[in-house]
Amino acid sequence: MLDARTREGLSAAQVAERQADGRVNLQRQAGSRSLGDILRENILTLFNGILTVCFIAVLLLGDLRDGFFYGVVVVNALIGIVQEVRAKRVLDRAALLAAPESRVRRGGEVVAIPLQEVVLDDLLVLRPGDQIPADAVVAESTGLSLDESLLTGESDPVFKDEGEQLLSGSHVATGTGYAVVTAVGADSYASKLTSEIRRHSLVHSELRDATNRILVYLSWILGPVILVTLIGRVLAYGGFSELFTDARWRRALLDAVAAVVGMIPEGLVLLTSLAFGVAAIQLAARKVLVQELAAVEVLARVDVLCLDKTGTLTTGELELEGTEPIGDVPGELAETALAAFGADETGNATSGILSTRFRSDRFRVERRMPFSSATKYSGLTMRVGGEETSWVLGAPERVLADHTEALQRANAIAATGRRTLALARALDPLPHGTHVPLTGVRVAPALLVILGEDLRSEAPETLGYFRDQAVRVVVMSGDNPVTVEAIARALNMEGDAIDASTLATDEELADALRRASIFGRVSPEQKRTAVGLLQREGRTVAMTGDGVNDAMAIKDANLGIAMGTATAATKAVSRLVLLDNRFDRLPDVLGFGRRVIANVERVSNIFLAKTVYGILLALVSAVVLWPFPFLPRQLTLVSTLAIGIPSFFLALAPNKRIYTPGVLPRILRYSIPTGVIAGLTAVVAYAPLHRAIPLHEARSVTTVALFCVSLWILCVLTRPLTTWRWFLLGGVAAAFVLVCVIPATATFFEMHLSVDAALAWGIAVGAVGSAGIELFYRFARRRGLVFDRV
């Protein structure tokens, strides 16, 4: 109980002292990355730096026609910045404490103050509906109970007596009381949990990792290659002594820019981000919010999907199916007792359900014992006429512990997937206190209250879909294992349910996960542990949830999925949010993820082939001291028509190919040989021409040869050739011909062509190179290095 001094609360001087010392409820977490970090990571990259230097060189030369390549750099950086700033805002909004103000007693008066003005040792004044702003200890309780579901997942109120701990982020459910603040700001429970939730982390993406590894490999290669290219350019134009004669330095610099631009797959990251972004937009139309673009891909790789029962497999809405007598207590008296339980305005959801069916004005409640999650029952004493009787209502295993036959009947009903509550008349006085078990109190069984929970109509089909896709579904629920097993049976899931409350160690949980996929009485800590155990076995895990107690398991999972009704903090750490609470949206996500993976792998082959032939051409021309075979704008022409524009359509095309691990090795094993074939094609075409005819004509013919082989690389990777794909290939080829024959565009791209032997040579060499691509494609298809199934 409060003494007179404590009841007064802190004085103004004491409050000022604590504010001066910093003992206030301010949140000082570092949060997610700063805007500056995001800008640096998207702008100050190695390849942006190299292409920026090339663009500056083009500016110095004074011909912006050779600087078109830089547009991809700008667009790619903008996409990355916008997406990550959006993610930062979501993370920064994550907070458990949402109440606008708190009530405290200071100087003997109750005042309402903002959360951040609560100080250490403040005396909180608690009423129903109040949120606990900081960790505290109960100083006085009058039936005080807290809803800790945001923190523990337990939906039933927890009664708090004097001296018990209150955690910030919980709410007062019933009763009143006083509590002394023991931890504020960053030291409070809610603050620590929020800080961990808000810590920035990226979802693991195989595509993003593959792209990053490719860029790392290229960064190792480009330095020496660029150095060789620069030396070769200098030597090709007469060495340093002749470099500044007749503006040779301009031609050497332009050659160097062309060589470097040809090596860098500047559109690869852009196309990957674009494929993710479009999928995210299409999923948003299906009520699925994608909070990180790469999450679209992850579900396509998931092989374990962890689901809760309530609200995911079922609608989450209980309804009273009826009652069943299990004793000799008069039915009318028992139903009057149920009406009394239903008349409790401060009761839980069960009371509300009972009030819709059972009503009576014959009773007067003398005493109530609110439901306790510790004892799993509630009680009351009522007077009907001149008779006073006591009753208990709760979990059958607690109420009917001494009545074997009645308990067996309750378990039999639970085995059908329905929930049961046992009503019994107490033959002895009810215990006093809030957490006192029924031990020693004799009861007479009266009724079983049967509650039904509807299965979601889409649940069987959705689970069947994932079963067909070789995705293991694990149900983790806090409900009775018997009930969970019955629901799982109705959904055609096999195996027995395991009571997770009996699993004392991580080893026991790991063994259970190997044996079973249906779990009841699962704690929030066990969910998080289960995710880690599955991941250590090499599994890719998706986790669904809605409470803050699920937040860390969702954050640790490879793919966190929050329901639309989830708390703000849980949504903040999830990668996907099912806005309409329908988990049958997940097959859509799987389909879009497969499309992204398959299509990005396809277009990556095209971009990497370009990088390979760019490096080969740079080295060959540097070693043999040739002027570079192309101008920057000519390479841009080939890249745009044979790579950029087609890749845009291919990246967004339908593709249902099942995910196959090993994306990066397949890309490298296919793109390197095809890039070598394309590079050798250009070398063979250019070698006899650059001294036999004017340089600008030789470059034009070599551009034709390179386009022919690039078009065939596109052709084989576009297969199967459906109608729209034929139109794509035909449109690209027609566009190149038009560029070459229309005077304005031919002049712009320096395409000086005549119908003569040189052009015939270029086309013939291009055809031979295309034949080489076709032969290697057929070989690669047999070896599984490339797929054409969509």
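Note: the structure precedes this text.
Draft legend 1. A look at the overall build of the protein. Per the secondary structure count, the protein includes 29 helices and 21 strands. A sequence separation of at least 24 residues applies to 72% of the contacts in the protein between residues at least 6 apart.

Draft legend 2. Just the packing of helix α25 (residues 663–686) against helix α29 (residues 757–782), in detail. Direction vectors running N to C along α25 and α29 enclose 165°, while the axes themselves pass 9 Å from each other. As far as their axial angle goes, α29 and α25 are roughly antiparallel. Taken as a pair, α25 and α29 cross one another with a handedness that is right-handed. Together, Arg669, Tyr670, Pro673, Thr674, Ile677, Thr681, Val684 and Ala685 of α25 and Trp761, Val765, Gly766, Gly769, Gly772, Ile773, Phe776, Tyr777 and Ala780 of α29 make up the contact between the two elements.

Draft legend 3. Main features of a nonpolar patch on the surface. Judged by side-chain polarity, Leu35, Leu39, Ile43 and Leu44 come together as a nonpolar surface patch covering roughly 370 Å² of accessible area. Looking at where leucine 44 falls in the secondary structure, it is placed in the loop between α3 (35–43) and α4 (46–61).

Draft legend 4. Up close: the packing of helix α24 (residues 632–651) against helix α27 (residues 723–741). As a packed pair, α24 and α27 sit with axes 10 Å apart at the nearest point and diverge in direction by 160°. In terms of their interaxial angle, α24 and α27 are classed as roughly antiparallel. Of the two elements, α24 crosses α27, and the hand of that crossing is right-handed. Between α24 and α27, the contacting residues are Leu637, Leu641, Ala642, Pro646, Phe649 and Leu650 on the first element and Trp724, Arg725, Leu728, Val732, Ala735, Phe736 and Val739 on the second. Within the contact of α24 with α27, the residues separate by chemical class into 12 nonpolar, no polar and 1 charged.

Draft legend 5. The packing of aromatic side chains, seen in detail. Enumeration according to the criterion identifies 7 aromatic pairs in this entry. With a centroid separation of 5.6 Å and 80° between ring planes, the pair formed by tyrosine 465 and phenylalanine 466 is classed as edge-to-face. By relative accessible area, phenylalanine 466 is classed as buried at 1%. When the ring of phenylalanine 748 is compared with that of phenylalanine 749, the centres are 4.9 Å apart and the planes differ by 75°; the resulting orientation is edge-to-face. The exposure class assigned to phenylalanine 748 is partly exposed, which follows from its relative accessible area of 24%. In this structure phenylalanine 749 comes out as buried when scored by relative accessible area, which is 13%. Every member of this aromatic cluster is reached through a ring pair, and the members are Tyr670, Phe776 and Phe779.

Rules of the game
Residues numbered from 1 in each chain as written. Predicted model: local features only at pLDDT ≥ 70, side-chain atom pairs only at ≥ 80, totals over all residues. Heavy atoms only, no water. Helix = DSSP H or I, 4+ residues; strand = E, 2+ residues; numbered from the N terminus. Contact = heavy atoms within 4.5 Å. Axes fitted to C-alpha atoms, helices over the stretch in contact; angles between N-to-C directions. Parallel < 35°, antiparallel > 145°, perpendicular 65-115°, else oblique. Left-handed = near helix turned anticlockwise from the far one by under 90°. Patch = residues over 30% accessible without salt bridge, like charges linked within 9 Å, V, L, I, M, F, W, Y side chains within 5 Å. Areas by Shrake-Rupley, 256 points an atom, 1.4 Å probe, with all protein chains shown as cover. Salt bridge = Lys/Arg side-chain N within 4 Å of Asp/Glu carboxyl O. Nonpolar A, V, L, I, M, F, W, Y, C, P; charged D, E, K, R; others polar. Phe/Tyr/Trp six-rings, centres within 6.5 Å; stacked < 30°, edge-to-face > 60°. Buried < 20%, exposed > 50% of the residue type's maximum accessible area, 1.4 Å probe, protein only.

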